[in-house]
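# Inside the fold
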Amino acid sequence: MERVEIENQAERESSARAAAIANLVRNAHGEVVLPDHDAYEAARRVWNGAVDKKPLLIFYCSDAEDVIGAIQFARLEKLAIAVRSGGHSVAGMSLCDSGIVIDLSRMKRIEVDRERRIARAEAGLSLGEFDAATLACGLATTMGVNSDTGIAGLTLGGGIGKLGRKYGLTCDNLLAADIVTADGRLLRASASENADLFWGIRGGGGNFGVVTAFEYQLHPLGAELLAGPIAFDYAHARDAMRFYAAFSTSAPDEVSLDAALITTPSGERRFAVSVCYVGAFEDGEPVIEPLTRLRSVVEDRIVPRSYLQIQSANDSVFPRGRRYYWKAQFLRELTDAAIDMLLETYRSAPGGSFIVLQHVGGAISRVPNTATAYFNRDALYDCFPVMIWDDPADDAINIRWARRFWSAMQPFSTGGVYANNLGEEGEDRVQAAYGENYSRLSELKNKYDPGNIFNSNQNIRPR
Ligand SMILES: Cc1cc2nc3c(=O)[nH]c(=O)nc-3n(C[C@H](O)[C@H](O)[C@H](O)COP(=O)(O)OP(=O)(O)OC[C@H]3O[C@@H](n4cnc5c(N)ncnc54)[C@H](O)[C@@H]3O)c2cc1C
């Protein structure tokens, strides 16, 4: 008797779930993809091919109403929620098992107000799509370095890019956002509306709701910037890196100098710097020249380039579907001991991996740490190894090496980490991303998402 009752109960639940899904599909302006749908396999894939999760359904939203419907559905059905825009979360946080993926990637409207230098952009745009639209008006704002990344996750976690030292983080250029909160309300967050929420979404990631649209401050940008890679012979890498350390520390805000230890396709190691001068290239030439005069230069491709070309120059390094892992930490300076450690550890790196020093500082560092949720503004480099491979059998070797590298560099770290480069590393590390802003964020979480339904992220616990 008892068994029959349990079976009946399970049947009732499954038909109630089916009815709820049918209702969601009926009311959707966008598309709901279920596991029996032909498109499901492709729809459950994200940028990192090592992420393999199977959601109950993927809801490609068309507008804010769809997002509200998705959140209400998830709450009623007590489902896990993941929010996906560009799908570039390295740790796969924009996907979940058995829950709902609220996907905004089809929401791509953008309007650029040339006069006021403001862009209103829906959350599904990639960086490349956003840059192309604003640049058509001779304007741009800070975005990251891979054109396939989504503007949404990038902006909400901070947003580091080549214009950052001149104009601040992406989130520093955010003027307003439309956001659906856990209770299903569509709010506008700006300096004058829901200002506490506006503070929190500038660095606090996806913790407070689902952003449907952003408004950004734009800046005039020349048709071409002086930019490109310069590489140094590995035998003299130590000297080149010492020069780089001093040069990148004293460089004006116009100069962005992302650097890396790389291995060329023919197996040679190099120290390489990606130079970008954000200003007139006649002004940039004398500033950059000392770097190009180093004797160990083996390749110099610094020339005037269009910003779109600069922004997509490394796209081929990060194709969708390969397996990736990285583990990051901020450095305040690049001491001789840090340089030695970088060179020493890179010796044993698995093939295909490289070590990145993403150059921050400049205007980013002049915003007070507590002015926005993004905290670690005193850093000069975001340091992380990028592991890339294809065979699942190589997962352990790559992940283990990256973690070892991270530990070796710990003595040189500020102790802080960029939230957008943080995987499932525990609450301590989330606190390291937010420093003394964490307790304020925790209170904000309690106000806007007390049940922590938005938890597939660098999670801030409600207080
Ligand atoms: C190849 C590559 C290059 C990168 N380069 C840079 C770089 O130069 N600078 C930099 O700053 N970062 C960079 N990143 C990190 C990047 O900023 C984060 O991975 C970011 O989360 C990607 O945003 P997305 O929309 O593509 O991510 P998704 O995977 O779609 O989302 C990631 C997380 O963001 C949140 N989120 C996404 N959309 C929304 C939304 N609409 N509302 C609320 N929350 C949302 C959710 O918590 C989600 O789990 C890079 C990542 C990759 C993979």
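Residues numbered from 1 in each chain as written. Predicted model: local features only at pLDDT ≥ 70, side-chain atom pairs only at ≥ 80, totals over all residues. Heavy atoms only, no water.

### Overview of the overall build of the protein
Helix and strand counts for the protein stand at 14 helices and 20 strands. Here the C-alpha atoms of the protein give a radius of gyration of 23 Å, agreeing with the 23 Å that 2.2 N^0.38 yields for 463 residues. Taken over the C-alpha atoms alone, the protein extends approximately 85 × 55 × 40 Å along its principal axes. Within the span of the protein, comprising 463 residues, buried residues form 55% of the whole. In the protein, 71% of the contacts between residues at least 6 apart in sequence involve partners at least 24 apart. When the accessible area of the protein is evaluated, it comes to approximately 19,100 Å², of which 50% is carbon and sulfur surface. (Helix = DSSP H or I, 4+ residues; strand = E, 2+ residues; numbered from the N terminus. Rg over C-alpha atoms; globule rule 2.2 N^0.38 Å. Buried < 20%, exposed > 50% of the residue type's maximum accessible area, 1.4 Å probe, protein only. Contact = heavy atoms within 4.5 Å. Areas by Shrake-Rupley, 256 points an atom, 1.4 Å probe, with all protein chains shown as cover.)

### Regarding the sheet that holds strand 6 (residues 118-122)
Within the open sheet, the five strands sit side by side as 5-6-10-8-9. Their pairing is antiparallel. Strand pairing shows two members of the sheet lacking a second neighbour, strand 5 (110-113) and strand 9 (186-190), which therefore form its edges. Put simply, the sheet's adjacent strands are angled 15 degrees from each other on average, direction ignored. Relative to strand 10 (residues 210-217), strand 6 runs antiparallel, the two being bridged by five bridges. (Pairing = 2+ DSSP bridges. Axes fitted to C-alpha atoms, helices over the stretch in contact; angles between N-to-C directions.)

### Quick look at the nonpolar core
Membership of the largest hydrophobic core comes to 118 residues, with the highest contact counts inside it found for I201, F214, F271, V273, L334 and L342. Here the element with the most residues in this core is strand 20 (residues 381-389); it accounts for seven residues. Setting aside residues no more than four positions away along its own chain, L334 makes contact with Y244, A245, I339, L342, L357 and Y381. Counting residues in each nonpolar core, the second largest holds 11 residues, with I58, Y60, C96 and V101 among its members. (Core = buried A, V, L, I, M, F, W, Y, C linked by side-chain atoms within 4.5 Å.)

### Thoughts on the sheet that holds strand 2 (residues 57-60)
Strand order in the open sheet formed by four strands is 1-2-4-3, and the pairing between neighbours is mixed. Edge positions in the sheet fall to strand 1 (31-33) and strand 3 (81-84), since each has one partner strand and no second. On average, each strand axis in the sheet is tilted by 20 degrees relative to the strand beside it, whichever way the strands run. Sheet topology note: the strand 3/strand 4 (residues 100-103) ladder contains four bridges and is parallel. Paired with I81 across the two strands is I100, which belongs to strand 4. The sheet contacts of helix 3 (residues 64-76) involve strand 2, strand 3 and strand 4, and relative to strand 4 the element is tilted by about 170 degrees.

### Thoughts on helix 9 (residues 281-292)
Since the α-helix turns once every 3.6 residues, residues separated by three or four places project in the same direction. Every buried residue of helix 9 is listed here: G284, I288 and L291. Projected down its long axis, helix 9 carries its buried residues within an arc of 10 degrees, all on one side. Seen from the open side of helix 9, the exposed residues pointing more than 90 degrees away from its buried face are E282 and P286. For helix 9, the elements touching its buried residues are strand 12 (224-233), helix 8 (237-250), strand 13 (255-263), strand 14 (269-277) and strand 15 (297-300). (Arc of directions from axis to C-beta.)

### Some remarks on helix 12 (residues 395-409)
Taking 1.5 Å per residue, 15 residues should reach 21 Å; helix 12 reaches 21 Å between its end C-alpha atoms and fits that length. Along helix 12, the positions that sit buried rather than exposed are N398, W401, A402, F405, W406, A408 and M409. For helix 12, the arc enclosing every buried residue in end-on projection is 165 degrees, short of the 170-degree limit, so these residues lie on one face. Close packing links the buried residues of helix 12 with strand 17 (323-325), strand 18 (329-331), helix 11 (336-346), strand 19 (354-359), strand 20 and helix 13 (427-434). (Expected span 1.5 Å × (residues − 1).)

From the geometry alone we can't say anything about function, so treat these as descriptive.
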